[in-house]
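Examining the three-dimensional arrangement
For reference, the chains in residue letters:
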Amino acid sequence: MTRESVYERLTKVFREVFDDEEIEIEDGTTASDIEDWDSFEHINLICAVENEFSLKMPMGKVVNMKNVGEMVDIILELGK
């Protein structure tokens, strides 16, 4: 799995969760960059990401994520 392929799949997940086909994500994207990304939607997002990539993100890593780049790093780490 490459970083690029993770971003392609992750972009689809973000667009589905936030119901916005215009969303573009990058390493520095944070919750403040996406209008509806609140704590409730964060939980929905994590569940959708786990389903998409068939993995379970440890809660300690989830609560410490600061941006999408860190989310991608975790996906790549767990997807090995």
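Another aspect to go through is the overall build of the chain. Scanning the chain for helices and strands turns up four helices and zero strands. Traced from its N-terminal end to its C-terminal end, the chain shows the element sequence α-α-α-α. Here the C-alpha atoms of the chain give a radius of gyration of 11 Å, agreeing with the 12 Å that 2.2 N^0.38 yields for 80 residues. Dimensions along the principal axes, computed over C-alpha positions, put the chain at roughly 30 × 25 × 20 Å.

Here we come to helix H2 (residues 39-53). Under the 1.5 Å per step criterion, the end-to-end length of H2 is 21 Å for 15 residues, consistent within 8% with the ideal 21 Å. Glu41, Leu45, Ile46, Val49, Glu50 and Phe53 are the residues of H2 that are buried. Taken together, the buried residues of H2 touch helix H1 (3-17), helix H3 (59-64) and helix H4 (68-78). Ser54 occupies a position one or two residues after H2 and carries a positive phi of about 50°.

Conventions used here
- Residue positions within a chain follow its written sequence, with the count starting from 1.
- Predicted model: local features are reported for residues with pLDDT of at least 70 only, side-chain atom pairs are reported and counted for 80 or more only, and whole-chain, interface and lining totals are derived from all residues.
- Neither water nor hydrogens contribute to the side-chain values; these are computed over all heavy atoms in the structure.
- Note on conventions: DSSP H or I runs of at least 4 residues are helices, E runs of at least 2 residues are strands, and numbering of each starts at the N terminus.
- The reference for a compact globule is 2.2 Å times residues^0.38; the radius of gyration itself is calculated from the C-alpha atoms.
- A helix is expected to reach a length of 1.5 Å times the quantity of its residues less one.
- Think of it in three bands: with a 1.4 Å probe and only protein chains considered, a residue is buried below 20% of the maximum accessible area for its type, exposed above 50%, and partly exposed in between.
- Whether two residues are in contact is decided by their heavy atoms, any of which lying within 4.5 Å being enough.

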